[in-house]
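# Structure at a glance
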Amino acid sequence: MLRERIARLNPSCVESSSRILLLVVVVVVLVVAPEPAGAFLGRGTLLETEGDIFGIYCPGFDRDTRVWHHREITREAVRRVVFRYFQEVAPAVGVYNHRPDLTLEEAYAEYYGDTHSPKPFLSAVSTLVDAVAEADTGLLGADPRYHFGNERFSESQENLKSRWRRIIKAGVAGDYSATLHLVGLSLATIQDFYSHTNWIELGNTDFNRDIGISGKNFTNVAGFREGTCKDCPDAADGVGSCPDNLLQEILDQKKLTSGYNEDAYVDGVRTGKPKGVNKCSHGGPRDRSHWVGARGGINKELPTACFSPHHQLHEQAAEQAVRASEHYLNLVRGGVGNALFSRLMGLHPTPALVIVLDTTDSMDEELTALTHSVNRLVKQHETATYPPAEYILVPFNDPEYGPVTRSQQPHEIYDALTREKARDGGDEAELSMAALRLALHYAPLHSHVFLFTDASIKDPELFDAVLTLALSKNIKVTTVLTMPVRHGGISGRIELLEEDDDLQSDENSYNHRIIRENRHVRLGGNNRNRRQKRQLQSLSKYSALAQRTGGQLIETTGEQTEETSRILEAKQYPMAILWRVFDVNSPQTVRVPVDSLVKELEVSISGEVDSALLVSPKGVNIHLVARSDFDGYQGYRVVALTRYFIQVRINTTQREDFGEWTLKFHPTDVASAVISAHTPMDILPVFYTPDAASNQPSLQRNIGQPSRGSNTYLDIVITGVDTARLQRVESAQLLDAAGERVTLDMPVKSPRRNTYLSLPTRQIPQERFTVALVGKDASGHQFRRESGLVWEMVNSVLAFPLGRDIWGPPGSKLTIPITITNTNVDGDTTNTYFITAYDISGSTVTLNQTRVKLERKKTAPLSATVEVSPRALPYSTNTLVVTATSNRGDTSQALAHISVTSRDTDRVAPTCKLHVGRGCSGHLTAGTCRNNYWTADVVAEDYDSGLLQVKSFPEFDFTNFVSGAHSVTLRYTGKCCKPTVTIEVLDVAGNLGTCSTDISNGEGDGDDGNPQLRSGEVAGIVVGSVLGAILLVLLVVFAVIYRRRHKRENVTPKRARRRSSSE
């Protein structure tokens, strides 16, 4: 494979690219150097007045025409699947009243209530849609085996089938980021089938259910030397319509073909049209094969002849792509189950609670306090409507970290905590980053991670990998740091001495998930008394991690840990940040607008303060440092109050205190403050980089940081906009730590789906910055939302040219190509980059270069070799994080998902058959179907690895099914109002088999089911049988007569037989 052919990489072919995927309400465009000659996407509009595909290729295109691109197709498929989920799975509270015209956000609010934020859900949808885009990036986008291009039907099908097993296993393992990424890649291939092939032209009016299914293959495909298209002079220059260019014999024989692209690559080798035969081109101005052989093309990507020769079929192709995507997502839902599907799609309204705990012997007080808090969580869980989606615990010691305890039941976390003992520790620093890295890999999107430790960081080299994982998943990291009382905290009032020991540990000392050997001598006494010296630089990384991810750094003492740990017991919401400030040492007065969409206000101050006063719009003064002043006050509740940390919550709906709140606090030395809110309206900023060089021009999501030398796009999603009823959106702001801001005025003040702005890169803050959005709610109150994440402009771009889907069995060595590009815009500057690569599962990772010197705008190929442990569990998942730090100090990041595959040879799908018993004849009308039922026997078989699960859509509980069996017969019962059923059968190896039937018309799945015949068909068979029998009798009579007429009589006398003596 090309993964091992790094020497062949052409830098011009490995630049990052993707389709534009905009789940947006506001898109802020940060243009560095406009390229009016380049296109940015192959699906739909990017900008209203500049830089879009239509303005470049189709200036006369009617912009009111409906355009279906991958974003719209995927979003519509998700909408249908989620609607079905909401209708089939009853909500925890109330009733879901479905209406077909609901938007995703409206349906979410109808199901969960209008107080919950859909931010995790919309973030998951955005992640999925962006993963669809990655199929068009780099050499992956040029490989026809991932797009049903160049008649590569069998290879495309095989890629889908093999990825299916990784999808289901990753989902069951709880690696939702990897699952979404893999599903997105498969959806891209499935959707391309309808645009790139002649499936629609063959007269098919329904989608192909066999795509991506184990055991299903394409048989009637045009041969390699068989012509498929005739010349289309009207599209000779790449622009024009070719409605009738497919050969009639191809249409008559129902043979599949797909368009060829001259710039396609298979294993690094350019693969164009075969010579001497008239094959169809993909077509359009981006395809150089449109003038080779049969000119023209057959793609249906856009509804305009200036890009798609078969533009007239765009709508039909899109609708089938939507239905096929919906079908595939429903199969995924069935494969992982409803509970996992809900967490995979971010539907559960309460984020996961993740605890990372230092268990060295100086942490005995913290361990006791956490055990008490989690015990109280167990009681809360029993009465909570929507408790945290998951509870995750990752302990760490020295030199051990892990294992991961993960459950939906907090009592299992409590049991794990009670088994932990504070022990060992030896030296001062601990492996906190290795434990965080492990926790972040397993944490779902938008989780909140709490790290409890009293030690500095022993493995600071992993900090960038930890930060990359947290940013990529929108995860907040809060560190609770216990300090000796006599030190007075780490706020800066004391001088902290550097350790004399080298902080760089031996690579193998932290590159294992759990290390059984204890290489450190355990010393007697309490380690807290020995930890006099602190690595200031190491400790500062805790603060940096909190600032960059939207978390907090909370100082405490051992005696106050019990009170501090109560932050775990507060209700966990996806909190929107209204305002925050870090590391201030002077008196602060902050005025924060609180709008009518805020249900609950949370104020947190970390660091010692002399005073803290919160003033409501009604003039009520709340002294935050005095618990007794407002204990029991209506709507006011103290979450935690210690010398170094204050957190309170105020129910604003009870008090109706909307308007400007004022916070005044006086730090004793250094303090930080965050004001956040429980509200359905929040912002979700995402950066994109345009790609104009690929076959499908597009936008590619930045996994790491925005780059200085690239055109950069900022997509701001306003969550809950469909239900918020906002009056206006005034401006977006880019804010740096020094208080400098860049204000981006909105040309259209009323909230709408897309608003576009552009500005020169020189206006982007050169320091790290956040994004804020301001405007007015329906009541006229000012609103403000600020991003939890912090970004910085970097001078390089890292990319995986073959995509981020990596796989291999235990014991294998995976060579993964990487590219790095110098994007520095300062003259002809040459930069030096220091490269690191780490995974999370203990594999050995080796880079072919750890230091790269690059001139401006130059790209260099790299490679990382990951040695998968022979003891790695099959179908477990891993994450590879690569970072590049320039000599200027900025760091770019990239990450890839690694699936550990099985060495099993089971690639055979289980079989599934349906035998309909009692039907619904006469009971299919709305008035009669509700009280009548139909039945069918489901026969599922798998004689290799055995059956794992049997699911049905609509859902039915097969109570007598037991996993591991090789053959089962199950009874399905359904209401006559739902006359269709699809059965999904998974075997232990992850292979999928399906069968379906529709009793309303008697048509089932011809390959896998036994459909019932219509009465007319039965009569036809009977009449045909009678006629056949009569014809057979006539043939027999004719044969006898013929034989008698032509028979010659034998008159030769016969000699009598001689008798034997025995007779």
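Use the structure listed above.
Within any chain, residue numbers begin from 1 and follow the written order of that chain's sequence. Where totals are concerned, whole chains, interfaces and linings use all residues; where local detail is concerned, this predicted model gives features only for residues with pLDDT of at least 70, and gives and counts side-chain atom pairs only at 80 or more. Only hydrogens and water are set aside; all other atoms, that is, all heavy atoms of the structure, feed into the side-chain values.

## Comments concerning the overall build of the protein chain
Counting from the N terminus, the helices are the DSSP runs of H or I reaching at least four residues and the strands are the DSSP runs of E reaching at least two. Helices and strands together make up the secondary structure of the protein chain, namely 22 helices and 42 strands. Accessible area is worked out with a 1.4 Å probe on protein chains only. A residue is then buried under 20% of its type maximum, exposed over 50%, and partly exposed in between. Looking at the protein chain residue by residue over its 1063 residues, the buried ones come to 62%. Contacts are assigned to residue pairs with any non-hydrogen atoms lying within 4.5 Å of each other. Of all intrachain contacts in the protein chain linking residues separated by at least 6 positions in sequence, the fraction that spans at least 24 positions is 75%. Accessible surface is estimated by sampling points in the Shrake-Rupley manner with a 1.4 Å probe; for residues, cover comes only from the protein chains shown. Accessible surface, the protein chain as shown: approximately 41900 Å² in total, 49% of it carbon and sulfur.

## A short note on the state of the cysteines
When two cysteine sulfur atoms are found within 2.5 Å, that pair is recorded as a disulfide. All chains considered together, the criterion is met by five disulfides. With its sulfur 1.9 Å from that of its partner, C229 forms a disulfide with C280. One disulfide, between C229 and C280, carries an S-S torsion of 90° and so falls in the right-handed class. Here C280 lies in the loop between strand 3 (269-270) and helix 9 (314-336) and C229 lies in the loop between helix 7 (176-196) and helix 8 (248-252), a separation of 51 residues in the sequence. Exposure class is identical for C229 and C280. Each is buried. One disulfide in the model links C929 with C977; its S-S distance is 1.9 Å. Disulfide C929-C977: the torsion about the S-S bond is 85°, which places it as right-handed. Taken as a pair, C929 in the loop between strand 36 (911-916) and strand 37 (933-941) and C977 in the loop between strand 39 (967-975) and strand 40 (980-987) lie far apart in primary sequence, 48 residues in all. Since its relative accessible area comes to 6%, C929 is described here as buried.

## Observations regarding the sheet that holds strand 30 (residues 831-838)
Within the open sheet, the five strands sit side by side as 28-35-34-30-32. Their pairing is mixed. The sheet terminates laterally at strand 28 (805-808) and strand 32 (851-854), the two strands that pair on one side only. Along the sheet, successive strands turn relative to each other by an average axial angle of 25°, direction set aside. Where strand 30 and strand 32 come together, four bridges link them in antiparallel fashion. Bridge pairing in strand 32 places N831 opposite L854. Strand pairing requires that DSSP identify at least two bridges connecting the strands. An axis is simply a line fitted to the C-alpha atoms; with a helix, the fit covers only the stretch in contact. Between two such axes, the angle follows the N-to-C directions and lies from 0 to 180 degrees.

## Things to note about the packing of helix 13 (residues 432-442) against helix 14 (residues 463-473)
Axis separation between helix 13 and helix 14 bottoms out at 9 Å; the angle between their running directions is 25°. Judged by the inter-axis angle, helix 13 sits roughly parallel to helix 14. You can see that helix 13 and helix 14 cross each other, and the crossing is left-handed. Contacts from M433, L436, R437, L440, H441 and Y442 in helix 13 reach F463, V466, L469, A470 and K473 in helix 14. Throughout, the ten residues Ala, Val, Leu, Ile, Met, Phe, Trp, Tyr, Cys and Pro are labelled nonpolar, Asp, Glu, Lys and Arg are labelled charged, and all others, Gly among them, are labelled polar. Broken down by class, the residue content of the contact of helix 13 with helix 14 amounts to eight nonpolar, one polar and two charged. Working rule for angles: under 35 degrees goes down as roughly parallel, over 145 as roughly antiparallel, 65 to 115 as roughly perpendicular, anything else as oblique. A clockwise turn of the near helix away from the far one marks a right-handed crossing, whereas an anticlockwise turn of less than a right angle marks a left-handed crossing.

## Description of the nonpolar core
Of all hydrophobic cores here, the largest spans 73 residues; its most connected members are F86, F193, Y194, M345 and L347. Elements supplying a minimum of two residues to this core: helix 2 (70-88), helix 3 (104-112), helix 4 (119-134), helix 6 (153-173), helix 7, helix 9 and helix 10 (338-344). Judged by nonpolar contacts, the second largest core, of 63 residues, contains V394, V404, M433 and F687. By nonpolar core we mean a set of buried residues, namely Ala, Val, Leu, Ile, Met, Phe, Trp, Tyr and Cys, connected to one another through side-chain atoms within 4.5 Å.

## Topic: unusual backbone geometry
Here the amide bond leading from D398 into P399 is cis, since omega sits at 15°, within 30 degrees of zero. The linkage connecting F953 with the following residue, P954, adopts the cis geometry, with an omega of 0°. For P954, the position within the fold is in the loop between strand 38 (947-953) and strand 39. The backbone of K254 shows a phi angle near 55°, a positive value even though the residue is not glycine.

## Some details on the side chain of D682
Mapped onto the secondary structure, D682 falls in strand 19 (residues 682-691). Setting aside its immediate chain neighbours within four residues, D682 contacts K119, M575, A576, V717, I718, T719 and R785.

## Let's talk about the environment of Y391
Considering the arrangement of structural elements, one finds Y391 in strand 5 (residues 391-396). A relative accessible area of 4% means that Y391 is categorised as buried. Spatially, the C-alpha atom of Y391 lies 8.7 Å from that of E412, the residues being 21 residues apart in sequence. When near neighbours in sequence (up to four residues on either side) are disregarded, Y391 contacts L353, L377, H381, T405, R406, S407, Q408, Q409, P410 and I413. Within polar-contact distance, the side chain of Y391 engages the side chain of H381 at 3.1 Å. Any N or O atom pair separated by 3.5 Å or less is treated as a polar contact, with the protein-specific requirement of one donor-capable and one acceptor-capable atom, and with residues adjacent in sequence counted only for side-chain atom pairs.

## With respect to the pattern of salt bridges
Oppositely charged side chains can pair when the atoms bearing their charge come close. A side-chain nitrogen of Lys or Arg and a carboxyl oxygen of Asp or Glu constitute a salt bridge if their distance falls within 4 Å. All told, the structure shown has 43 salt bridges when counted by the stated rule. The partner of D657 in a salt bridge is K618, with the nearest N and O atoms 3.6 Å apart. Taken as a pair, D657 in the loop between helix 20 (652-655) and strand 17 (659-667) and K618 in the loop between strand 13 (609-615) and strand 14 (621-623) lie far apart in primary sequence, 39 residues in all. Residue D937 is joined to R971 by a salt bridge in which the shortest nitrogen-to-oxygen separation is 2.5 Å. One end of the pair, D937, is in strand 37; the other, R971, is in strand 39, and 34 residues separate them in sequence. On the basis of relative accessible area, R971 is assigned to the partly exposed category, the value being 45%. What you see here is one network of salt bridges that share partners, running through E76, R79, R80, E319 and E326.

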